[in-house]
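These are the residues of each chain, in order.
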Amino acid sequence: MNDNIAVNIEQIGIIKTPYEDKAPFQPIDNDKEEFYIIINEQYRDGLKKLKTFKYIYIIYYLNQIKIEKKMLISPPWAEKKEIGVFASRSPMRPNQIGLSIVKIKKIIDNRIYTSGLDVFNNTPLLDIKPYIKDLDNKTDANNGWVSELNDDGHLALHINGIPHNY
Ligand SMILES: C[S@@+](CC[C@H](N)C(=O)[O-])C[C@H]1O[C@@H](n2cnc3c(N)ncnc32)[C@H](O)[C@@H]1O
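Residues numbered from 1 in each chain as written. Predicted model: local features only at pLDDT ≥ 70, side-chain atom pairs only at ≥ 80, totals over all residues.

1. Here's the deal with the nonpolar core
Then, number 1: One finds Ile-15, Ile-37, Ile-56, Ile-58, Tyr-60, Leu-117 and Val-119 to be the most contacted residues of the largest nonpolar core, which totals 15 residues.
Then, number 2: Looking at this core, the elements that each hand over two or more residues are strand S2 (35–39), strand S3 (55–61), strand S6 (97–108) and strand S8 (123–130).
Then, number 3: Residues in contact with Val-119, not counting those within four places in the same chain, are Ile-15, Thr-17, Ala-23, Tyr-60 and Gly-98. (Core = buried A, V, L, I, M, F, W, Y, C linked by C-beta atoms within 7 Å. Buried ≥ 20, exposed ≤ 12 C-beta atoms within 10 Å, placed from the backbone. Helix = DSSP H or I, 4+ residues; strand = E, 2+ residues; numbered from the N terminus. Contact = placed C-beta atoms within 7 Å.)

2. Details of the site of the ligand
Then, number 1: Taken together, 18 residues form the shell around the ligand, and within it Leu-62, Gln-64, Arg-89, Gly-98 and Val-119 come nearest.
Then, number 2: No other element matches the three residues that S6 contributes to the shell around the ligand.
Then, number 3: The class makeup of the residues in the shell around the ligand is nine nonpolar, seven polar and two charged. (Near = placed C-beta within 6 Å. Nonpolar A, V, L, I, M, F, W, Y, C, P; charged D, E, K, R; others polar.)

3. Re the environment of Val-146
Then, number 1: If you trace the backbone, Val-146 turns up in the loop between helix H1 (133–136) and helix H2 (152–159).
Then, number 2: The exposure class of Val-146 is partly exposed, given the 18 C-beta atoms found within 10 Å.
Then, number 3: For the pair Val-146 and Ile-128, spaced 18 residues apart in sequence, the C-alpha separation works out to 27 Å.

4. Points about the pairing of strand S1 (residues 13–16)
Looking along a regular strand, one sees the side chains alternate between the two faces of the sheet.
Then, number 1: Judged by which residues are buried, S1 turns out to be one-sided: Gly-13 and Ile-15 face inward and are buried, whereas Ile-14 and Lys-16, on the alternate face, are not.
Then, number 2: Sheet analysis places S1 next to S2, joined by four bridges and oriented antiparallel. The partner of Ile-14 across the bridge, within S2, is Ile-38.
Then, number 3: Relative to S8, S1 runs antiparallel, the two sharing three bridges. Paired with Ile-14 across the bridge in S8 is Pro-124. (Pairing = 2+ DSSP bridges.)

5. A word on the pairing of S6
Then, number 1: With seven bridges joining them, S3 and S6 adopt antiparallel strand pairing. Within S6, the position partnered with Tyr-57 by the bridge is Ile-101.
Then, number 2: Sheet analysis places S6 next to strand S7 (residues 111–114), joined by four bridges and oriented antiparallel. Of the residues in S7, the one forming a bridge with Ile-108 is Arg-111.

This is the structure:
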């Protein structure tokens with residue numbers, strides 16, 4: 001028994017990226033490819049004043065997860081570590097929800113052009129929120145278990161989404 005209640009979530013748009021079946025582990029800020037988000041027409045008014053912000057949170061549904069979901073995982077860039085899925089940014093989570101912070105390049109009609117994203121082409125969009133400097137920037141934040149790894153420089157590249165052969 002639990003107290004779960006019904007949750008209704010609707011796709012509000014779609015994310016366009018150059019990645020069909022392989023994407024960086026996290027967004028690459030200076031990725032030179034084109035990335036944009038199309039908001040469904042009925043939500044277009046919700047973009048009012050969004051362009052006054054430099055950064056936004058993009059929340060999306062990781063629709064192409066094919067492998068089994070586990071509560072304990074090992075990130076591909078830290079294979080020797082076993083951690084709980086909620087202490088990770090793994091896409092293999094119970095609700096397949098992903099979160100990326102990206103820079104707004106421009107907004108034209110119902111399209112938001114952004115800096116690099118770490119999602120496959122046509123990933124369903126669930127929400128957008130502004131990244132508000134004085135609200136979201138936690139100056140005493142830490143790196144949790146990632147600090148326990150002893151190959152910081154190399155791992156920092158992976159954490160930033162940059163693959164091995166980069
Ligand atoms: C490590 S996750 C991080 C996602 C997000 N930045 C976060 O922290 O929640 C990024 C990986 O998710 C996978 N991925 C991207 N888009 C996906 C989709 N639509 N369905 C399933 N997996 C996806 C890719 O393998 C990509 O490297």
